[in-house]
Amino acid sequence: MAVGISYVSVYDNHGVFRRNNSRLMDEILKQQQELLGLEGSKQHSVEFLNNGTDKQDHQVLSCQSVVNVLSPDDGKLRIVQAAQQLCRAVEQMEKTSKDINVTVLDSLLRESKSTPDPDLVLKFGPVESTLGFLPWHIRLTEFISLPSHVDVSYEDLFSALQHYASCEQRLGK
Amino acid sequence: MPKHVAFIMDGNRRYARKRQVERQEGHTQGFDKLAETLRWCLNLNIHEVTVYAFSIENFKRSKDEVDGLMELAKQKFIRLLDEQENLKKHGVCIRVLGDLTLLPLDLQQHIARAVVATRTHNKCFLNVCFAYTSRHEIANAVREMAWGVEQGLIKSSDVSEALLSQCLYSSNSPNPDLLIRTSGEVRLSDFLLWQTSHSCLVFQSVLWPEYSFWNLCDAILQYQLNYRPLQKARDQHREGQTLQQHEADRAGVADLLQHHGNGKPLDAQKRQEALLNYTASREERVQDFLGALQHKRDSFLTDLTSQAALA
C-alpha cells in the first residue's frame, strides 16, 4: 500500500488463505493501523474482494487498495466453469461454437472489470512452480522468488520491485 | 529424470546483437542449438520435448523478420521430409501445435506432410509450438467442446478439467515435467499455461544459441530437487479433480431422476446403479466425441497433404 500498488492478491495452493478469509482481513486491517496510524488508515481504504461475491462496480479511488484472496479453485476450475457456461449457452441455442474466442473467455474470467492481470508474482518458498495459480491470467506475469514469507523485510520487497522495474517486455515484437 | 521437457528458446536476437551478426543468423543458430539440445535430451533418456518456436504475438514483428522466420521454418520442414528414413529409424514423431491456418499455405502444407509422415512413430516426440499462444489453445479447446455440444456428441454437463485437457493441441502428450526459459526473462509469455501448472519452472540467464549441456543438467537438477513437493501437489490436485467429477456425476444423476423419475425415492442400491450407469454413458459420450475431434484434426492435415501433392 505504501508503495502505491493498487491490487494485491494472495494465494496458497492448499486454499488455507481462502478458508480463513476473515481472519486474514482482520490481520491486514490491524497491521495497517499499526503502520499508518488511525488517520492514515482512514485515508487509505482497503477493499477485500471475496471471489464470487464481488460488490457493485466501484470507482477506484486514488488511495484505494484492493486485496484479493485466491486459491487453486480460482485457476483451472474457474476456466472449466466458464467453459460449461459457454457450452450451456450453445445447448440453449443462445450462442454458437464459432462465437467462442479468447476475448469472450477472457471477459468471463475477469474477477471484476477493473482488476488487471497480475504484473508481478512474488513467490515465497523453495518450490519452483506456479502450483496452479491463475493459469489464464499469468501469461505476461513476471515471477520473482523470495526464500520465505516469514520475516520478509521491506528491503526484500523493494529489491524485488527494482528487479521488476528492470524487466523489459517486448510483447512478441 | 524428467520424461517431458519444454523450452522457451529465448535470446536469438540478443545473441545476434552481441555477435554483431544479422538477426536471421541469430535465428539460424538458434535452430542449430535446438537440434543439438534434442540430441542431448535423447542421450539423457528424455523422450518428449516441446518448444516455443513462434508465438501468435510474433506476427507483430516487422514483415522482413516474420517472412524470414516463415522461410526458415519452411526450409527446416522440407529438410525434415528429406530425413524421413532417419526419422523412421529413430521413431521420431513430430507434432506442430498452434493455429496453422494463420500461416502461409505452403508452410501449412510442409508442416502437414512432416506431421502425417511421422504420425505413427513412437520412440520420441518433438512438439513444435508454431502460431501458438496458450490462451488461443484454451479458447480453441472450449470451442471444440462447444462444437461437440452442437453436434449432439456431448452435453454441457460433460465438460470437465480432464475433458478440456483432452481438447488442447497437446492432448497426446503428458504435461511437461520441466519448463526451461533462457535469456533471463522470468515470465511464461503465454506458453503452455494450462499444462505447466505443476511443472518445475527454471529460468536461466544464458541466451538460447549459447545453451550448453551443463545448462541442461543444471535445470534437470532443479527438477530433481523439486520432485517430491511437486509430485505431492499434483497428486492432491488429481484427488480434487476426482472428487469434483464424482460430485458432478451425482448432480447429473439427481437431475436425471428429477426429470425422468416417477417421483418415488430410490433406495441406496438403485441410486448406486443409476450413478454407475450415468458415469458409464458419460464416458462413452466423451470417447465418441474425442474420436470425432481426432478425426477432424487428422482430416485437416491429410487434406493439406493432398493439396500439396496436387500442387
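The model shown is predicted, which means the values in this text are computed figures rather than measured ones.

Visitor: Would you explain the sheet that holds strand β2 (residues 48–55) of chain B in this entry?
Guide: Each strand in a sheet pairs with another by means of backbone hydrogen bonds, the pair being arranged parallel or else antiparallel. Residues and elements named next belong to chain B. Ordered in space as β3-β4-β2-β1-β5-β6, the 6 strands form an open sheet in which the pairing is parallel. In this open sheet, the two strands that pair with only one neighbour each are β3 (92–97) and β6 (200–203). Neighbour to neighbour, the strand axes of the sheet diverge by 20 degrees on average, direction disregarded. Sheet analysis places β2 next to strand β4 (residues 124–132), joined by 7 bridges and oriented parallel. Bridging from a neighbouring strand, Val49 pairs with Leu126 of β4. Strands in contact with helix α3 (residues 63–82) are β2, β3 and β4; relative to β2, the strand with the most contacts, it is inclined by about 145 degrees. The sheet strands contacting helix α8 (residues 213–260) are β1 (4–8), β5 (178–181) and β6, and the helix crosses β6 at an angle near 150 degrees.

Visitor: Would you take a moment to explain unusual backbone geometry for this structure?
Guide: All names here are of chain B. Look at Asn45: it is not a glycine, yet its phi comes out positive at around 70 degrees. Following the sequence through the fold, Asn45 ends up in the loop between α2 (23–43) and β2. In this structure Asn45 comes out as exposed when scored by relative accessible area, which is 52%. In this structure, Asp190 takes a positive phi of about 60 degrees despite not being glycine. Along the chain, Asp190 falls in the loop between β5 and β6.

Visitor: Looking at this structure, I do not really get the pairing of β4(B). What am I missing?
Guide: For a regular strand, side-chain orientation follows a simple rule: the groups alternate between the two sheet faces. All names here are of chain B. Extensive coverage of β4 is indicated by the burial of 8 of its 9 residues. Looking at chain direction, β3 and β4 are connected through 6 bridges and run parallel. Bridge pairing links Arg95 to Asn127 in β4.

Visitor: How do you make sense of the interface of chain A and chain B when you look at a structure like this?
Guide: Accessible area lost when the parts come together is the quantity often used to give the size of an interface. Contacts between the two partners involve 46 residues from chain A, matched on the other side by 46 residues from chain B. Taking both sides of the interface into account, the surface hidden between chain A and chain B amounts to around 4,000 Å²; carbon and sulfur atoms contribute 59%. Across the pair Asp10(B) and Arg170(A) runs a salt bridge whose closest N-O atoms are separated by 3.5 Å. Taken together, the links from chain A to chain B amount to 27 residue pairs in polar contact (both at pLDDT 80 or more). Elements represented by at least two residues in the side of chain A that touches chain B include exactly α3 (76–91), α4 (102–109) and β5 (142–146) of chain A. Of the residues in the side of chain A that touches chain B, the class split is 20 nonpolar, 13 polar and 13 charged.

What counts, and where the lines are drawn
- Residues numbered from 1 in each chain as written.
- Chains lettered and ligands numbered in written order.
- Predicted model: local features only at pLDDT ≥ 70, side-chain atom pairs only at ≥ 80, totals over all residues.
- Heavy atoms only, no water.
- Pairing = 2+ DSSP bridges.
- Helix = DSSP H or I, 4+ residues; strand = E, 2+ residues; numbered from the N terminus.
- Axes fitted to C-alpha atoms, helices over the stretch in contact; angles between N-to-C directions.
- Contact = heavy atoms within 4.5 Å.
- Buried < 20%, exposed > 50% of the residue type's maximum accessible area, 1.4 Å probe, protein only.
- Buried area = accessible area lost by both parts, 1.4 Å probe.
- Salt bridge = Lys/Arg side-chain N within 4 Å of Asp/Glu carboxyl O.
- Polar contact = N/O pair within 3.5 Å; in protein donor to acceptor, adjacent residues only side chain to side chain.
- Nonpolar A, V, L, I, M, F, W, Y, C, P; charged D, E, K, R; others polar.

Interpretation note: all reported values are geometric properties and have no functional meaning in isolation.
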